[in-house]
Amino acid sequence: MTTVLVTAFAFTCISDFAHAQKIGSVDTVFKFIGPDHKIVVEAYDDPKVKGVTCYVSRAKTGGIKGGLGLAEDKAEASISCHQVGPISFDKPLNQQEEVFNQSLSILFKKLRIVRMVDMQRNSLVYLTYSDKLIEGSPQNSVTAVPVDRKITIPIK
């Protein structure tokens, strides 16, 4: 039973990374055994908005637990989203929806990215934060991508 649970959690962790592309990392603390603590930068293309990419930097715990995937990463992250091509929409967007989440620990802690539509300013606002089953963190980061006024953001 324990093996099944660990396998299920490992699969969940791997599947959450499917949308992230690692851009690079820097070491912050040297560890004698296991990987060093790092700051990792990853890119996420918004799956419902063509032409927008979000860059997230976050802490990644190293050491023995980090190397085995058992460490809980810190809740600190920063986000910067940008227009990287022509912006277009295949379908109407929800006013607010989670567009990405990534596991920060083997049990119940996730980094989340939520997209909100600011119709008055014709902008897409992206918020990153982390939560836990019992208690999340108030630490967050926000960024906005203005959309050309000639393009109407379709809302459901």
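Reading the values: the criteria
- Residues numbered from 1 in each chain as written.
- Predicted model: local features only at pLDDT ≥ 70, side-chain atom pairs only at ≥ 80, totals over all residues.
- Heavy atoms only, no water.
- Helix = DSSP H or I, 4+ residues; strand = E, 2+ residues; numbered from the N terminus.
- Contact = heavy atoms within 4.5 Å.
- Polar contact = N/O pair within 3.5 Å; in protein donor to acceptor, adjacent residues only side chain to side chain.
- Pairing = 2+ DSSP bridges.
- Axes fitted to C-alpha atoms, helices over the stretch in contact; angles between N-to-C directions.

1. Quick look at the environment of Thr-128
Then step 1. Tracing the backbone shows Thr-128 in strand E7 (residues 123-132).
Then step 2. C-alpha separation for the pair Thr-128 and Arg-112, spaced 16 residues apart in sequence, amounts to 5.5 Å.
Then step 3. Non-local contacts of Thr-128, meaning those with residues more than four positions away in its chain, are made with Ala-77, Ser-78, Ile-79, Leu-111, Arg-112, Ile-113, Gln-139, Asn-140 and Ser-141.
Then step 4. In terms of polar contacts, Thr-128 uses its side chain to reach the backbone carbonyl oxygen of Arg-112, at 3.1 Å.

2. Quick notes on the sheet that holds strand E2 (residues 37-45)
Then step 1. One open sheet accounts for 4 strands, arranged E1-E2-E3-E4; its pairing is antiparallel. Of all strands in the sheet, those bounded by a partner on one side alone are strand E1 (20-29) and strand E4 (77-89). Neighbouring strand axes in the sheet, compared pairwise and without regard to direction, differ in orientation by 15° on average.
Then step 2. Pairing of E1 with E2, which is carried by 8 bridges, proceeds in the antiparallel orientation. Along E2, the bridge assignment pairs Gln-21 with Ala-43.

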